Amino acid sequence: MNNVAIVFWSGTGNTESMANIIFNGVNSNGGEAKLFNASEFSANLVDDYSAIAFGCPAMGAEELEDSEFLPMFNDCESKLNGKKISLFGSYGWGDGEWIRTWTDTCISDGAIVTHDAVICCGEPTSDTEVELVDLAKSLLA
């Protein structure tokens, strides 16, 4: 089973652009990807996918978006033990603390993190696109 859920929240469109690159990377490398806005995904869907890419930009003081994304992610946490996941997101300030904290949370939940988190300041660059395709491939391995 090489079906991948790509679950994201995006305020400015940058994290959504990243999600679309992962979507294309999964599909062009033999997998089947499905995109979900955070409001469309729940713990009930976790077991339907062999892997999940979660994407959320840094908000506030380098935190996950707390009205849609964080409640959905918190709901999914109990299902992440043994699940292949990767994380991605954009930021406009800071140094990536939110993604490091989030990665640590996922590891504590027992998730199998398949690739270092991919972050970018603002819009994805061509270098970021390469990293995102590598992330997509890691979800299929």
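Quick note: structure is the one above.
Residues numbered from 1 in each chain as written. Predicted model: local features only at pLDDT ≥ 70, side-chain atom pairs only at ≥ 80, totals over all residues. Heavy atoms only, no water.

### Thoughts on the side chain of Ser86
Structurally, Ser86 can be placed in strand S4 (residues 84–91). Not counting the four nearest positions on each side in its chain, Ser86 is found in contact with Ile52, Ala53, Phe54, Thr114, His115, Leu135, Ser138 and Leu139. (Helix = DSSP H or I, 4+ residues; strand = E, 2+ residues; numbered from the N terminus. Contact = heavy atoms within 4.5 Å.)

### A short note on the pattern of salt bridges
By the definition in use, this model includes two salt bridges. A salt bridge links Asp47 to Lys79; the shortest N-O distance between them is 2.7 Å. Here the residue Asp47 occupies a position in the loop between helix H2 (43–46) and strand S3 (51–55), and Lys79 occupies one in the loop between helix H3 (69–76) and S4, the gap between them amounting to 32 residues. Using a relative accessible area of 48% as the deciding quantity, one classes Asp47 as partly exposed. The salt bridge involving Arg100 is made with Asp95; its shortest N-O contact spans 3.1 Å. Under the relative-accessibility criterion, Arg100 is labelled partly exposed at 42%. Its relative accessible area of 52% is what places Asp95 among the exposed residues. (Salt bridge = Lys/Arg side-chain N within 4 Å of Asp/Glu carboxyl O. Buried < 20%, exposed > 50% of the residue type's maximum accessible area, 1.4 Å probe, protein only.)

### Some words on the state of the cysteines
Formally, a disulfide is one covalent bond, and it connects the sulfur atom of one cysteine to the sulfur atom of another. Under the defined criterion, the tally for this structure stands at zero disulfides. The structure places no disulfide on Cys76, whose sulfur is separated from the nearest cysteine sulfur, that of Cys106, by 10 Å. You can call Cys76 buried: its relative accessible area is 0%. Residue class for Cys106 comes out buried when judged on its relative accessible area of 0%. (Disulfide = S-S within 2.5 Å.)

### Let's talk about the packing of helix H1 (residues 14–27) against helix H5 (residues 126–140)
It is the contact of H1 with H5, at a shortest axis distance of 8 Å, that shows an interaxial angle of 50°. When the axes of H1 and H5 are compared, the pair comes out oblique. When the axes of H1 and H5 are compared, the crossing they make is right-handed. Residues Met18, Ile21, Ile22, Gly25 and Val26 of H1 form the contact with H5, whose own contacting residues are Thr128, Glu129, Leu132, Val133, Leu135, Ala136 and Leu140. Among the residues making up the contact of H1 with H5, the classes are represented as nine nonpolar, two polar and one charged. (Axes fitted to C-alpha atoms, helices over the stretch in contact; angles between N-to-C directions. Parallel < 35°, antiparallel > 145°, perpendicular 65-115°, else oblique. Left-handed = near helix turned anticlockwise from the far one by under 90°. Nonpolar A, V, L, I, M, F, W, Y, C, P; charged D, E, K, R; others polar.)

### A short note on the packing of aromatic side chains
The geometry of an aromatic ring pair is captured by the separation of the ring centres together with the interplanar angle, meaning the angle of the planes. Taken as a whole and judged by the stated rule, the model has nine aromatic pairs. Centroid distance Phe36 to Tyr49: 5.8 Å. Interplanar angle 85°. Geometry classified as edge-to-face. Placement of the pair is Phe36 in strand S2 (residues 32–37) and Tyr49 in the loop between H2 and S3, with a sequence separation of 13 residues. Of the two residues, Phe36 and Tyr49, both sit in the buried class. Both rings, one in Phe54 and one in Phe73, keep their centres 5.2 Å apart while their planes meet at 90°; by these two values the pair is edge-to-face. With a gap of 19 residues between them, Phe54 in strand S3 and Phe73 in helix H3 connect regions that are remote in the sequence. Like Phe73, Phe54 is buried. (Phe/Tyr/Trp six-rings, centres within 6.5 Å; stacked < 30°, edge-to-face > 60°.)

### A few points about the side chain of Ser50
One can find Ser50 in the loop between H2 and S3. Separated by 2.9 Å, the side chain of Ser50 and the backbone oxygen of Asn3 make a polar contact. (Polar contact = N/O pair within 3.5 Å; in protein donor to acceptor, adjacent residues only side chain to side chain.)

### Regarding the nonpolar core
Grouped burial of nonpolar side chains is what soluble globular proteins tend to show. Core analysis: the biggest nonpolar cluster contains 26 residues, and Phe41, Ile52, Phe54, Phe69, Met72 and Trp102 have the highest contact counts within it. In this structure Phe69 touches Val7, Phe8, Trp9, Ala38, Phe54, Gly55, Cys56, Leu64 and Trp102, once residues within four positions along its chain are discounted. One finds Ala19, Ala53, Cys120 and Ala136 within the second-largest nonpolar core, a separate group that totals 19 residues. (Core = buried A, V, L, I, M, F, W, Y, C linked by side-chain atoms within 4.5 Å.)

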